[in-house]
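One letter stands for each residue in the lines below.
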Amino acid sequence: MDEETRYEAVTSRDARFDGAFFFAVETTGIYCRPSCPAVTPKRKNVRFYPTAAAAQGQGFRACRRCRPDAVPGSAEWNVRADVVGRAMRMISDGIVDREGVPGLAGRLGYSTRQVQRQLNAELGAGPVALARAQRAHTARVLLQTTGLPVTEIAFAAGFASVRQFNDTIRQIYARTPSELRTESGTGMRAGRGAGTGTGTATRTGVRTAVGTAGSAGAVGTTDTASSVGTVRAARSPRDRASGGSAGRDTGTGPGGATDVPASAGIPLRLAYRGPYAAREVFDLLAREVIPHVEEVTGEPGDRTYRRTLRLPHGPGTVAVEETLQAGAARARSGWLEARIHLTDLRDLTTVVQRLRRLFDLDADPYAVDERLGSDPRLAPLVRARPGLRSPGAADPEEYALRALVGYAAAGSLVERYGQPLEQPTGELTRLFPEPAALRDDPVVGPLASALADGTVRLDPGADRDEAEHALLAVPGVTPRTAALIRMRALGDPDVAPEGEEDEETWRPWRSYAVRHLRARRLPYA
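The model shown is predicted, which means the values in this text are computed figures rather than measured ones. (Residues numbered from 1 in each chain as written. Predicted model: local features only at pLDDT ≥ 70, side-chain atom pairs only at ≥ 80, totals over all residues. Heavy atoms only, no water.)

Caption draft 1: Spatial organisation of the overall build of the chain. A tally of regular secondary structure across the chain gives 21 helices and 11 strands. The buried share of the chain, reckoned over its 525 residues, is 56%. Taking contacts inside the chain between residues at least 6 apart in sequence as the whole, the part at least 24 apart equals 66%. Carbon together with sulfur atoms contributes 49% to the accessible area of the chain, which is approximately 20,700 Å² in total. (Helix = DSSP H or I, 4+ residues; strand = E, 2+ residues; numbered from the N terminus. Buried < 20%, exposed > 50% of the residue type's maximum accessible area, 1.4 Å probe, protein only. Contact = heavy atoms within 4.5 Å. Areas by Shrake-Rupley, 256 points an atom, 1.4 Å probe, with all protein chains shown as cover.)

Here it is as structure tokens:
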């Protein structure tokens, strides 16, 4: 896409390109998403960037109205299997925060200098800057949706120090953390007790209207909370990981809202682009439920998916609502409501990315539907289910083991080897067993051993071809099982498992074609 085409997308406020690129206005120092509703700047004042981090690196601040830092991720990173695509998936998963740039480079099989050079050349920002942009967004979400102390938020978002946190927030948002927390006119519902804003920022950086919080802006298209909630937190994330005492939630939340109980968890909106066929996603999840680890409750159209998760700093549970805002099934953008309970807030970024992969929220349904809709066999299916997704997996290693033995047998593994939760939530009482705990199982033992010792890698940055080759070398793994694992655990959008219809013209979206064909065969849950 050349710059003139991009400017046309900006002029038409085309939400299809949100996350695909960003634009900045030289005269104001602001950068935006293409669908920003403010007045379109003159072409001569506009610069384009492939990532938010690249715009931030050139000194531009995030627009207060359209919240460009919170758009759905680019679908390009799901498609690409090269080092840049793999790096972007791993950075999103928090690898740089947990292991640093050397850890990222080691997983990719390149030197730190090579990784830095490739990312800078193509994205205009290196791994540190890309991770920094993600940390800033996480911090903003926590500042504006929880009553947690600012110091805790700094470390929970992945910052190494409070000073680094303060400097980053000031640079990206042009406000202090306290100002960011209390400001109105952000386009979010601030919850009970929220004050009235004084307006919203435009692309030129000028406030033009008076309104209440939630009246305009990025609501409906950002990973932000729909209501104010707090979590009970230890004095620091590490205290929580080691069983330290919890701090007291005695203050008020953002916008003057009263803190809600810790059991409420962290409420988030998980943004997606284009139409979203939620019913088919929840139908699939309902068919695959493993008792004690996950559940789907409610009636079709108003269901809730809940599950437990094993995370780097302790277990967690999540709940995602099927209910969409009015007209969202065919809208240009929207969100799923989620609520997250964590042992340690440092795992927030990891959880959000796992949910995004599970629900396929970074997909580009316009590109998928255009390609598949041109096939006479698929065209009526695409028209019947616009925005059909190809769900991934919340835990890649767990999915691989489930795919090998089937869901009924996977339930038996949970009963025998699953780690009980210290604080069960309803029917959610266990974590799916780690691969190391299944080494001696007669059926899944070989695959569990390969996962535990790293012979088979299924992390977000794994090379998909290498992973499939390694899977096929494991006793008991058939080509069809390996393909299913590649499709779901590795999020490959272009897989046609053995036994499924396949056409070259469906590339690079064959995984979605498989979903359309299966949806035609299966009745609604």
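Caption draft 2: Main features of the nonpolar core. Of all hydrophobic cores here, the largest spans 52 residues; its most connected members are Y31, F165, Y276, I340, L355 and F359. The residues touching F359, leaving out its near neighbours within four places in the chain, are Y276, V281, F282, L285, Y305, V320, L336 and R389. I290, A450, V456 and I485 belong to the second-largest nonpolar core, a separate cluster that totals 30 residues. (Core = buried A, V, L, I, M, F, W, Y, C linked by side-chain atoms within 4.5 Å.)

Caption draft 3: How the structure looks around the sheet that holds strand β3 (residues 46-49). One open sheet accounts for 4 strands, arranged β3-β1-β2-β4; its pairing is mixed. The outermost strands of the open sheet, each flanked by one partner alone, are β3 and β4 (61-62). Bridge analysis of strand β1 (residues 22-25) against strand β2 (residues 30-32) gives 3 bridges, and the strand direction is antiparallel. The residue of β2 that forms the bridge with V25 is I30. Packed onto the sheet, helix α1 (residues 3-11) meets β1 and β3 and runs at close to 105° relative to β3. (Pairing = 2+ DSSP bridges. Axes fitted to C-alpha atoms, helices over the stretch in contact; angles between N-to-C directions.)

Caption draft 4: Here's a closer look at the packing of helix α16 (residues 396-405) against helix α20 (residues 479-488). Where α16 contacts α20, the axes come no closer than 10 Å and their chain directions differ by 150°. Taken together, the axis directions place α16 and α20 in an arrangement best described as roughly antiparallel. Handedness of the α16/α20 crossing: right-handed. Contact residues: Y399, A400, A403 and L404 in α16; T481, L484, I485 and R488 in α20. Partitioning the contact of α16 with α20 into residue classes produces 6 nonpolar, 1 polar and 1 charged. (Parallel < 35°, antiparallel > 145°, perpendicular 65-115°, else oblique. Left-handed = near helix turned anticlockwise from the far one by under 90°. Nonpolar A, V, L, I, M, F, W, Y, C, P; charged D, E, K, R; others polar.)

Caption draft 5: Region of interest: the pattern of salt bridges. Counted according to the given criterion, the structure contains 38 salt bridges. Its salt-bridge partner being R402, residue E294 comes within 2.7 Å of it at the nearest N-O pair. Residue E294 is found in strand β6 (residues 294-297), and its partner R402 is found in helix α16; the two are separated by 108 residues along the sequence. On the basis of relative accessible area, R402 is assigned to the buried category, the value being 4%. What emerges from the salt-bridge pattern is a single network uniting D375, R377, E501, E503 and R520. (Salt bridge = Lys/Arg side-chain N within 4 Å of Asp/Glu carboxyl O.)

Caption draft 6: Summary view of α20. Judged by how many residues are buried, α20 sits mostly within the fold: 8 of 10 residues are covered. Taken together, the buried positions of α20 are occupied by T481, A482, A483, L484, I485, R486, M487 and R488. Here the buried face of α20 lies against α12 (278-287), α16, α19 (464-472) and α21 (510-521).

Caption draft 7: Local environment of the packing of aromatic side chains. Within the structure shown, the criterion is met by 9 aromatic pairs. A ring pair is formed by W509 and Y512, whose centres lie 5.9 Å apart and whose planes are at 75°; its orientation type is edge-to-face. Neither residue differs from the other here; W509 and Y512 are each classed as buried. Aromatic ring contacts, followed pair by pair, group F17, F21 and F48 into a single cluster. Geometry around Y7 places R43 over its ring, the cationic atom sitting 5.8 Å from the centre. Above the plane of the ring of F159 lies R135, whose end atom (NZ or CZ) is 5.4 Å from the centre. (Phe/Tyr/Trp six-rings, centres within 6.5 Å; stacked < 30°, edge-to-face > 60°. Lys NZ or Arg CZ within 6 Å of the ring centre and 35° of its normal.)

Caption draft 8: Spatial organisation of the environment of G147. With respect to the helices, strands and loops of the structure, G147 is situated in the loop between α7 (127-145) and α8 (150-156). The spatial distance from the C-alpha of G147 to the C-alpha of R181 is 9.4 Å, given a sequence separation of 34 residues.

Caption draft 9: Seen up close, the packing of helix α4 (residues 83-92) against α7. Running from N to C, α4 and α7 point in directions that differ by 40°, and their axes come no closer than 10 Å. Accordingly, the angle class assigned to the pair α4 and α7 is oblique. α7 is crossed by α4, and the crossing has right-handed handedness. Each of M88, I91 and S92 in α4 lies in contact with α7, whose residues at this interface are P127, L130, A131 and Q134. Partitioned by chemical class, the residues of the contact of α4 with α7 number 5 nonpolar, 2 polar and no charged.

Caption draft 10: Expanded view of the pairing of β6. As judged from the 4 bridges shared by β6 and strand β7 (residues 304-311), these two strands associate in the antiparallel manner. Looking at β7, one finds that V296 is bridged to Y305.

Caption draft 11: Layout of the side chain of D369. With respect to the secondary-structure elements, D369 resides in helix α14 (residues 365-373). Despite its burial, D369 pairs with no opposite charge, the nearest such side chain being R389 at 7.0 Å. Beyond its immediate sequence surroundings of up to four residues, D369 is in contact with V382, P386 and G387. (Lys, Arg positive; Asp, Glu negative; His and termini not counted.)

Caption draft 12: Here's a closer look at unusual backbone geometry. In this structure, P508 follows R507 across a cis peptide bond, with omega equal to 0°. In this structure, A174 takes a positive phi of about 60° despite not being glycine. One can find A174 in the loop between α9 (162-173) and α10 (177-182). Residue class for A174 comes out partly exposed when judged on its relative accessible area of 33%. If you check the backbone angles, H292 has positive phi at about 80° while not being a glycine. Structurally, H292 is set in the loop between α12 and β6. Judged by its relative accessible area of 24%, H292 falls in the partly exposed class.

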